[in-house]
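Each chain, written out:
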Amino acid sequence: MRACAGRSRSFLTGSWFVVLVLACRTTGPAEDLVEVTSAVPGVVVDLKYATQDNFTGRVLYDTSCCFLRRGTAEKLRRVQLRLEKRGYRLKIWDGYRPLFVQKRMWELVPDPRFVADPRVGSRHNRGAAVDVTLVDSSGRELEMPTGFDDFSERARRDYDGCSPEAKRNRQILEDAMRAEGFVPLPSEWWHFDDADWRKYKVVDIPIRELVQRSKRQE
C-alpha cells in the first residue's frame, strides 16, 4: 500500500470519541475494502472530510487515505484508464465513510436532501460510492459547475447556467463513469454510486484502522 498521510491531532471530542472507541471494538472484518491509490494507479486523492474544506467546516476523518470496495475500485481503475487516453485523470474527494461519521454529519445537517439518514446508511458507508472530479495530466483541476459540497441548484447535473467548458468537463466525467458501471446522482455532479452497491453492507470501521490492517497484510 502506498503511504497515506495520517493525522495525529484529535478530530473528534466528547461523545464522538466514545463512538470511535466502540466502533473499533465492535465492528467486524474490513471485508474487501482496499486502499484506492494502490488499486487505481495514477488517481489523485484529496479527501475533503480529512480537512476543514467541506460543508461542516470540521475535520471528520482521522486520515487522508481513501478506501473503496474491491469491486468498486476495479471499476474506478477502468475509468482512470479510459480518461488517461484523453489526457485526464480522476481526483477523489470522498470514498468509504464510516457510519459514525455519517451520524455526526446528520447531527450537523439533518436534511436528507444533502446528507443520507444514518438509520438507512449512505452508499459511502458501504464503500460503494465516490465523489470525484477531473484533473489534467499534471493534476490541475478542470473547470466544473461548482466546487465540492455545493448544495445549490448549480450542482445539479441538468443545470444549464454554467460555462460551456464546465458543461463539457462534467459530461466527460459522467460518460466515463457511466461506461464502467457507475450511476450518477442527479443533485450532485461529483457523486457516483457503484451500480452494485446493494450487495455491500454498511461498515463502521475507522479509516485509520483500515490503514493499519492494510499495512499488516503487506
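Rules used throughout
- Residues numbered from 1 in each chain as written.
- Predicted model: local features only at pLDDT ≥ 70, side-chain atom pairs only at ≥ 80, totals over all residues.
- Heavy atoms only, no water.
- Helix = DSSP H or I, 4+ residues; strand = E, 2+ residues; numbered from the N terminus.
- Buried < 20%, exposed > 50% of the residue type's maximum accessible area, 1.4 Å probe, protein only.
- Contact = heavy atoms within 4.5 Å.
- Areas by Shrake-Rupley, 256 points an atom, 1.4 Å probe, with all protein chains shown as cover.
- Phe/Tyr/Trp six-rings, centres within 6.5 Å; stacked < 30°, edge-to-face > 60°.
- Pairing = 2+ DSSP bridges.
- Axes fitted to C-alpha atoms, helices over the stretch in contact; angles between N-to-C directions.
- pLDDT = per-residue confidence, 0-100.
- Salt bridge = Lys/Arg side-chain N within 4 Å of Asp/Glu carboxyl O.

Looking at this structure, I do not really get the overall build of the protein. What am I missing?
Broken down by element type, the protein carries six helices and seven strands. Shown N-terminal to C-terminal, the secondary structure of the protein runs as helices and strands in the order α-β-α-β-β-α-β-α-β-α-β-β-α. By residue count, 52% of the 218 residues in the protein fall in the buried class. Residue pairs at least 24 apart in sequence account for 76% of intrachain contacts in the protein once pairs closer than 6 positions are excluded. Taken as a whole, the protein presents about 10300 Å² of accessible surface, with 49% of it coming from carbon and sulfur.

Explain the packing of aromatic side chains to me, please; I cannot follow it from the model alone.
The tally for this structure, following the rule as stated, stands at nine aromatic pairs. Between Tyr49 and Tyr61 the ring centres are 5.8 Å apart and the planes differ by 70°, which places this aromatic pair in the edge-to-face class. With Tyr49 in the loop between β2 (44–45) and β3 (67–69) and Tyr61 in the loop between β2 and β3, this residue pair connects regions lying 12 residues apart in the sequence. For the residue pair Tyr49 and Tyr61, the accessibility class agrees, reading buried in each case.

What is the right way to look at the sheet that holds strand β7 (residues 191–194) in this model?
Whether parallel or antiparallel, the strands of a sheet pair through hydrogen bonds between backbone atoms. Here five strands make up an open sheet; going across it, the order is β2-β4-β5-β7-β6 and the pairing mixed. Whereas interior strands pair on both sides, the edge strands pair on one side only; in this sheet they are β2 and β6 (182–184). Examined bridge by bridge, β6 and β7 share three bridges and lie antiparallel to one another. Among the inter-strand pairings, Pro184 is bridged to a residue of β7, identified as Phe192. In this fold helix α3 (residues 70–84) packs onto β4 (88–94), β5 (129–136), β6 and β7, with an angle of close to 145° to the strand it touches most, β4. On the sheet, helix α5 (residues 164–179) packs against β4, β5, β6 and β7 and is oriented at approximately 130° with respect to β5.

Would you mind showing me how to read the confidence of the model for the protein here?
Interpreting fine coordinate detail is not advised for predicted regions of low pLDDT. Per-residue confidence for the protein gives a mean pLDDT of 88; residues scoring 70 or more make up 85%. In this model, residues 6–29 is a region of pLDDT below 50 whose contacts with residues beyond four sequence positions or in other chains number 36 contacts.

For this particular structure, what's the right way to read helix α4 (residues 99–108)?
One full turn of an α-helix is made of 3.6 residues, so residues set three or four places apart face in the same direction. Within α4, seven of the 10 residues are buried, leaving the element largely enclosed by the surrounding structure. Taken residue by residue, α4 has Leu99, Phe100, Val101, Gln102, Arg104, Met105 and Trp106 as its buried positions.

Quick question: what am I supposed to make of the pattern of salt bridges here?
Where charged atoms from two side chains of opposite charge approach closely, those side chains can pair. Throughout the structure, instances matching the rule amount to 22 salt bridges. Asp136 serves as the salt-bridge partner of Arg140, at 3.1 Å between the closest nitrogen and oxygen. Overall, the relative accessible area of 52% leaves Arg140 in the exposed class. Here the salt bridges do not stand alone but share partners, grouping Glu74, Arg77, Arg78, Arg82 and Glu180 into one network.

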